[in-house]
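Structural overview for review
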Amino acid sequence: MTGARPPTAEKRRAEERGGAGAAFQEAAPGRKLRLESAAGDMRGAPGAGWALAALLLAASMLSAALLAPGGSPEQGAEAEPQRDLDLDKKRHVELKMDQALLLIHNERLGTNLTVSWKSERCYCCLFQFLVNVSQSGEPGKPSIAAVSVSTQHRSVLQINDTLEEKEICRLEYKFGEFGNYSVLVKDTYNGVSEIACDLVVNKNPVDSDLPVTIAFLIGLSLVIAISFLRLLLSLDDFSNWISKAINSRETDRLINSELGSPSRADPLSGDIQPEMWRQVGSPYRLRCVDTFRGLALILMVFVNYGGGKYWYFKHSSWNGLTVADLVFPWFVFIMGSSIFLSMTSILQRGCSKFKLLGKIAWRSFLLICIGIFIVNPNYCLGPLSWDKVRIPGVLQRLGVTYFVVAVLELLFAKPMLENCVLERSCPFLRDITDSWPQWLFILILESIWLGLTFLLPVPGCPTGYLGPGGIGDFGKYPNCTGGAAGYIDRLLLGDDHLYQHPSSAGLISVALTKVSENEAFIPINKNLWSISYVTTLSSFAFFILLVLYPVVDVRGLWTGAPFFYPGMNSILVYVGHEVFEDYFPFQWKLKDNQSHKEHLTQNIVATALWVLIAYILYKKKIFWKI
């Protein structure tokens, strides 16, 4: 942990200036920075305003979540008892979150029923046993079986004659949370003897998505209201804003002329104070990168804390994408972008490659150690839990990826001045022409991955298998989860050192996926980190950064708050939210543990607290960098 304060008031004011969203670490010895006040204080006050806005946003969403319906009925399924004594059987079923009560009425004499089910999202899956229903004892007295069913996705019910083992009927329906439903199975005689299976709604479900909708709408309304209020408050200074727009280039020229020596801050770190490069034509630390990093980080915190226990804030079961599947690849994308920008600039300042290699190795080692020793979810098994410690954790994979990409960039990076001619001639090909060795190396790695995936023989499994195994693919390959990737992981690391709870770009992604979730050459799959998953999420990240850059850095329409603050202290926020996850005030005992509303409230408050912590640390000039 490092804490630093600027030694002079001039530097503090310089840090708060908004010309490029950057804070200056140090000026040339013996010099003072003098800027016009109209250009110096434009972003100091809005920072505090946006912090207050973040608190108001959290409080409003908290109130919305508390006031919105969406809790579980009192005493589970007993909230509204039916007069029919046969329906008292439902009291044997205790409903949990994302469940509904289903009553199977068997009115057929002499026929026992077997009811099975599967989720519509489970591609080519076997039906799973749900309940047996005995035969009806006498006409007009059906036999009833009560069971809970999932409400997250559309369910497919299969009702079979137990004795003859043949399908009687099949139903598809999207059940609602805490709803009460009945399926009536009976014989009908309309000239021809037939079997009818009718679904009846006994009790309407609750709208479990309403708290999220209300929280989002109130939050959006607050952002619009605060932005409009800030516009009104700035009307008196409109002339200064015009002056700033006119004189912005002159101001930057003065900064470059007044500050002689470049900053000593380490640009390789993802958690350093913002800075502007002093040399004309050199890139400065992009505020949009920190904003994007903070956005991904806050989304990750919210998802890791539970995301209100909504399925779309959890990882996808196998193929496909959810909100939770977005954040990790975005972190890798931001890390790679930062490596390129920082490596080019630090080499331009004359730092030796050998010294940089030592820094890269040390930083990678620290990331891996933090992931193993600090962010260790198995402390309940022992002080270090070596037997089941997760080796390929988030920080561990970031550390390895950082080392490979940074060393690759170190070997082939070119000084900025050598690229001036290419920049004028073919700027749209510059990423390829300047970095063709890196492209070649990555293509070789991808070719190796594809070769292992589709050509490596896996014992007892078809070659090139990419499925989830288990009940997937109609149960043909129960022990083939992940195909070659799963086989290699288990062979090298062992089952105990893997993640124990798996959720079993651009034109390239369109071609690989055929714009389909499952019917694809290479489906989008977070568990396998398939090439289609990588290219799709990289494309998303590229376009988000493409939008943020002109809005945040070029036009200055948005400071990046409140996401900018956690983006400046990403390692601290990530480690902190993992370590203190089970501590108050980030978690407390809920009155109703089966309520989306209460979980959403808790997760929003915990996430907002980390934004506030990041803001306070930013104002105190405290950053954790490795």
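Quick notes on the rules
Residues numbered from 1 in each chain as written. Predicted model: local features only at pLDDT ≥ 70, side-chain atom pairs only at ≥ 80, totals over all residues. Heavy atoms only, no water. Patch = residues over 30% accessible without salt bridge, like charges linked within 9 Å, V, L, I, M, F, W, Y side chains within 5 Å. Areas by Shrake-Rupley, 256 points an atom, 1.4 Å probe, with all protein chains shown as cover. Salt bridge = Lys/Arg side-chain N within 4 Å of Asp/Glu carboxyl O. Helix = DSSP H or I, 4+ residues; strand = E, 2+ residues; numbered from the N terminus. Buried < 20%, exposed > 50% of the residue type's maximum accessible area, 1.4 Å probe, protein only. Axes fitted to C-alpha atoms, helices over the stretch in contact; angles between N-to-C directions. Parallel < 35°, antiparallel > 145°, perpendicular 65-115°, else oblique. Left-handed = near helix turned anticlockwise from the far one by under 90°. Contact = heavy atoms within 4.5 Å. Disulfide = S-S within 2.5 Å. Pairing = 2+ DSSP bridges. Core = buried A, V, L, I, M, F, W, Y, C linked by side-chain atoms within 4.5 Å. pLDDT = per-residue confidence, 0-100.

**Considerations on a nonpolar patch on the surface**
Judged by side-chain polarity, Leu357, Val400, Phe403, Val404, Trp436, Leu440, Phe441, Ile442, Ile444, Leu445, Ile448 and Leu452 come together as a nonpolar surface patch covering roughly 1,000 Å² of accessible area. Mapped by element, the contributors of at least two residues to the nonpolar patch are helix H9 (394–412) and helix H12 (436–455). At eight residues, the largest contribution of residues to the nonpolar patch is made by H12. Its place among the elements puts Ile442 in helix H12. Among the residues examined, Ile442 registers a relative accessible area of 37% and is labelled partly exposed.

**Focus on the packing of helix H6 (residues 287–304) against helix H15 (residues 531–554)**
Running from amino to carboxyl end, H6 crosses H15 at an angle of 130 degrees, the nearest separation of the two axes being 8 Å. When the axis of H6 is compared with that of H15, the two are oblique. For the pair H6 and H15, the crossing hand works out as right-handed. On H15, the residues touching Arg287, Cys288, Val289, Thr291 and Phe292 of H6 are Ala541, Ile544, Leu545, Leu548, Tyr549, Val552 and Asp553.

**Re the state of the cysteines**
Overall, the coordinates contain three disulfides when judged by the stated rule. At a sulfur-sulfur separation of 1.7 Å, the disulfide partner of Cys122 is Cys125. Its torsion about the S-S bond being -75 degrees, the disulfide of Cys122 and Cys125 is classed as left-handed. Overall, Cys122 belongs to the partly exposed group, its relative accessible area being 24%. Put simply, Cys461 and Cys480 are joined by a disulfide, and their sulfur atoms are 1.9 Å apart. Residues Cys461 and Cys480 share a disulfide whose torsion about the S-S bond is about -95 degrees; that sign makes it left-handed.

**Let's talk about the environment of Ala541**
Following the sequence through the fold, Ala541 ends up in helix H15. Put simply, Ala541 and Ala505 are 36 residues apart on the chain and 9.5 Å apart in space, counted from C-alpha to C-alpha. Beyond its immediate sequence surroundings of up to four residues, Ala541 is in contact with Phe292, Trp330 and Phe333.

**Focus on the pairing of strand S2 (residues 99–106)**
Burial runs high along S2: eight of the eight residues are buried. With burial as the criterion, each face of S2 is covered, one bearing Gln99, Leu101, Leu103 and His105 and the other bearing Ala100, Leu102, Ile104 and Asn106. Here S2 pairs with strand S5 (residues 143–150) via eight bridges, running antiparallel. Within S5, the residue paired with Ala100 across the bridge is Val149.

**Remarks on the environment of Gly176**
Take Gly176: it is sitting in the loop between strand S7 (166–173) and strand S8 (180–189). Sequence-distant contacts of Gly176, defined by excluding residues within four places in its chain, comprise Gln99, Ala100, Thr151, Tyr181 and Pro205.

**A short note on the sheet that holds strand S4 (residues 128–133)**
With respect to topology, four strands assemble into an open sheet ordered S4-S3-S6-S7, the strand pairing being antiparallel. A strand with exactly one partner marks an edge of an open sheet, and here the two such strands are S4 and S7. Put simply, the sheet's adjacent strands are angled 25 degrees from each other on average, direction ignored. Relative to strand S6 (residues 155–161), strand S3 (residues 113–119) runs antiparallel, the two being bridged by seven bridges. Bridge pairing links Thr114 to Asn160 in S6.

**Quick look at the nonpolar core**
A general tendency of soluble globular proteins is for nonpolar side chains to be buried together. Core analysis: the largest hydrophobic core is formed by 59 residues, its most contacted members being Met343, Leu395, Tyr574 and Val575. Elements supplying a minimum of two residues to this core: H6, helix H7 (327–348), helix H8 (353–374), H9, H15, helix H16 (564–568), helix H17 (570–579) and helix H18 (596–619). Counting residues per element, this core draws most heavily on H7, which supplies ten residues. Ignoring sequence-local partners within four residues, the contact set of Val575 consists of Ile370, Ile374, Val375, Leu395 and Trp624. Listed in part, the 21 residues of the second largest apolar core include Ile159, Cys169, Leu171 and Val185.

**So, the pattern of salt bridges**
The tally for this structure, following the rule as stated, stands at five salt bridges. Close ionic contact of Asp187 with Arg108 constitutes a salt bridge, the shortest N to O distance being 3.0 Å. Separated by 79 residues along the polypeptide, Asp187 in strand S8 and Arg108 in the loop between S2 and S3 bring together distant segments of the chain. Where Asp290 meets Arg293, a salt bridge forms, and the shortest distance between an N and an O atom there is 2.6 Å. Taken together, the residues span about one helical turn, with Asp290 and Arg293 both in helix H6 at a distance of three residues. For the pair shown, Asp290 and Arg293 are each scored as buried.

**Section: the confidence of the model for the protein chain**
Overall, the predicted model of the protein chain reaches an average pLDDT of 74, with 67% of residues at or above 70. Mean pLDDT in the protein chain bottoms out at helix H2 (residues 37–40), which sits at 32, and peaks at H16, which reaches 93. Residue range residues 74–91 is modelled with pLDDT below 50. Its contacts to residues more than four positions away, or to other chains, number 25 contacts. Taken as a whole, residues 254–283 scores under 50 in pLDDT and shows 102 contacts with residues more than four places along the chain or in a different chain.

**Concerning the sheet that holds strand S9 (residues 193–203)**
In a beta sheet, neighbouring strands pair by backbone hydrogen bonds and run either parallel or antiparallel. Ordered by their spatial adjacency, four strands build an open sheet running S5-S2-S8-S9, and the pairing between neighbours is mixed. Both edges of this open sheet fall to S5 and S9, since each of them pairs with a single strand only. Strand-to-strand, the axes of this sheet are offset by a mean angle of 25 degrees, without reference to chain direction.

**Regarding the environment of Arg397**
Positionally, Arg397 belongs in helix H9. Through-space distance from the C-alpha of Arg397 to that of Ser364 is 9.6 Å; in sequence the pair is 33 residues apart. Setting aside its immediate chain neighbours within four residues, Arg397 contacts Phe328, Arg390, Pro392 and Trp529.

**Structural notes on the side chain of Thr322**
Mapped onto the elements of the fold, Thr322 is located in the loop between H6 and H7. Once residues within four sequence positions are removed from consideration, Thr322 is found in contact with Trp311, Tyr312, Lys314, His315 and Ser316.

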